[in-house]
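# Analysis of the macromolecular model
One-letter residues, chain by chain:
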Amino acid sequence: MQIPIIVVGDTSGRYILGIESQRGNISVVRHVHDLGEMLGTAQSGIARAILLVTQYEDLTQSMLAALYELDVAVCAVIDPGSNLPFSEIYTIDALADIPDVLQGVRSAVDRLEDYSDSHGGVYDRQPSNSTSEVESHEAELNQAVSEKTEERLGKVLAIWGAQGAPGRTTFAVNLSGLAANAGHKVCLVDADTYGASVGAVLGLTDDYSSLAQMCHFADRGNLDSQKIDELVSTIQHKSHQLDIISGINRPDRWTEIRGKALSRVINMLREKYDVIIIDTSFCIEQDEAAAFDGLAPLRNDGSLTSILEADHILVVGAADVVGVPRTVKALDSLKNLLSDTMIDIPRSVFFNKVRADAVGANPTVAIEHAWERFGPSEKIEGYVSEDRATTDKACLSGKTIMEAAPKSKVGLEFESVFTHISAVLALRPAEDLSDDASNLSSDNVRYKRKLGPLARLWGR
């Protein structure tokens, strides 16, 4: 099999001349000096592998994902003892002879199919030894996957719903508070790239996006547990703590939330938290035109990745004559998405803002009747009543409903929602966390919540 390659760097010409002198099945089809030219050439389909002599430190996760989708293997010549943050790159010792370099390129191409099959799990493997054979690599991969499944990883819940503000953020915030109160280690992620609002609802005043920063680090392979700890906002929720990853503060920053990087962030959060609740945006449309350009970010990468990485999807619908039909159509779009990606993710449907004025004297019966007649196969799991006074009070004070009015009707209904979610996610019973979560000091909680933004303006 002929293996045409692109060589990046190599200003001295050592590798190009050495490879061509061998007159084997590996040949240099293009010599480039920057990554942009490399990517453009790779997209033309003329190469099977990339040999990086320089600039490998500038590679990002998105670039590597684009190359692997093009079925192009990546090799890098690195100094002895050095490591790269991405295990997809096949490393070759800088002191290796040309025959060893050629063998490294062949091995990288041979295992390319393994990387494509493993998809997201490949990000978690350690960089392989450049002298290892393909068989030993496969054995290590199988062992790593087996060990991964034995670990207790956190459950991801995506909160999603149709356009029109059905209450996705309200559900995400209050379910996160309930999960924290139950003794779980919880992270609330705001991945809504159209209108992030978790920070404002909970009274966080810092105007920056920790999610965008995490995606930046993840895209360059530099995200670790310590950086996550530095970027999350930790607040006190009753006697427990809740970690929050704030979203982008303007919709035009959506390009900072790339799918591959967000997937890496979510997978790392699984290793740190019991429950990860993601507030997503409504739109899950895939831009088919942009999808042909492997490097171009997709407008809805945030919501698409959050949904496809979830263990369960909670669908929130607005209980009115506009919200119910929208929810029916949105569920059809969700089914098509999951069918196209061949991923079957369980989902639960809840209707929010239930009130007689919107759908009739007996609202739940009216919604059930319409759902049975026109709705999809999923059944409605529950309802949350419209209680504007309670929700406004909670939002104005930067608190969850459980904090502002725990005994209210809507508060009790959210407890029922959390009971259902705990069952479908098979969350473990709350454990005695003592000093870890119950007895918080000022050192644990790094962000004090304040009155909502409007209340602060009125108080001036």
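Look up a bit, the structure's there.
Quick look at the structure, then. Keep in mind it's a predicted model, so treat the numbers as computed, not measured. (Residues numbered from 1 in each chain as written. Predicted model: local features only at pLDDT ≥ 70, side-chain atom pairs only at ≥ 80, totals over all residues. Heavy atoms only, no water.)

### Observations regarding the environment of Ser209
Put simply, the rule reads: Strands here are runs of E lasting at least two residues and helices are runs of H or I lasting at least four, both read from the DSSP assignment and numbered beginning at the N terminus. Here, two residues are considered to be in contact whenever any of their heavy atoms come within 4.5 Å of each other.
With respect to the element layout, Ser209 can be found in the loop between helix H8 (198-201) and helix H9 (210-219). The spatial distance from the C-alpha of Ser209 to the C-alpha of Gly247 is 5.0 Å, given a sequence separation of 38 residues. Excluding residues that lie within four positions of it along the chain, Ser209 makes contacts with Ser246, Gly247, Ile248 and Arg253.

### Considerations on the pattern of salt bridges
Quick reminder of the rule: Whenever Lys or Arg places a side-chain nitrogen within 4 Å of a carboxyl oxygen from Asp or Glu, that contact is recorded as a salt bridge. Burial classification: accessible surface area is computed with a 1.4 Å probe over protein chains only, and a residue below 20% of its type maximum counts as buried, one above 50% as exposed, and the rest as partly exposed.
Counted according to the given criterion, the structure contains 9 salt bridges. Salt-bridge contacts for Arg250 lead to Asp252; the nearest nitrogen and oxygen are separated by 3.1 Å. Classification of Arg250 by relative accessible area gives partly exposed; the value is 44%. Several salt bridges share partner residues, and in doing so they unite Lys335, Arg347 and Glu378 into one network.

### Describing the environment of Pro325
Positionally, Pro325 belongs in helix H14 (residues 323-340). When the C-alpha positions of Pro325 and Ala162 are compared, they lie 9.6 Å apart, and in sequence the two are 163 residues distant.

### Points about the sheet that holds strand S10 (residues 275-279)
Rule in force here: Any two strands are treated as partners once DSSP identifies two or more bridges connecting them. Working convention: axes come from line fits to C-alpha atoms, limited for helices to the stretch in contact. Angles between N-to-C directions cover 0 to 180 degrees.
Taking strand neighbours across the sheet as the criterion, the 8 strands line up as S8-S9-S7-S10-S6-S11-S12-S13 in an open arrangement whose pairing is mixed. Two strands in the sheet have a free side with no partner beyond their single neighbour: strand S8 (233-237) and strand S13 (380-385). With direction set aside, neighbouring strand axes in the sheet form an average angle of 25 degrees. Helix H19 (residues 409-424) rests against strand S6 (155-161), strand S11 (312-318), strand S12 (347-354) and S13 of the sheet, and its axis sits at about 155 degrees to S13.

### As for the pairing of S13
Taken across its 6 residues, S13 has 5 buried, putting it largely inside the fold. One ladder, built from 4 bridges, connects S12 with S13; its direction is parallel. The residue bridging Phe351 from the neighbouring strand is Tyr383, located in S13.

### What about helix H16 (residues 363-374)?
Convention followed: For a helix, the expected span equals 1.5 Å multiplied by the number of residues minus one. Read the arc as the range of directions from the helix axis to the C-beta atoms.
Its 12 residues place the ends of H16 16 Å apart at the C-alpha level, agreeing with the 16 Å of an ideal helix rising 1.5 Å per residue. The complete set of buried residues in H16 reads Pro363, Ile367 and Trp371. The arc that holds the buried residues of H16, viewed along the axis, is 65 degrees, so those residues lie on one side. Of the exposed residues in H16, those oriented more than 90 degrees away from the buried face are His369, Glu372 and Arg373. Tucked inside the fold, the buried residues of H16 contact H14, S12, helix H15 (356-359) and S13.

### Quick look at the nonpolar core
Test applied: As used here, the term nonpolar core means buried Ala, Val, Leu, Ile, Met, Phe, Trp, Tyr and Cys residues forming a set that is joined through side-chain atoms within 4.5 Å.
With 50 residues, the main nonpolar core has Leu269, Leu334 and Phe351 as its most contacted residues. The residues touching Leu334, leaving out its near neighbours within four places in the chain, are Trp160, Ile284, Ile307, Ile313, Val315 and Arg347. Ala180, Ile235, Ile401 and Leu425 belong to the second largest nonpolar core, which has 34 residues in total.

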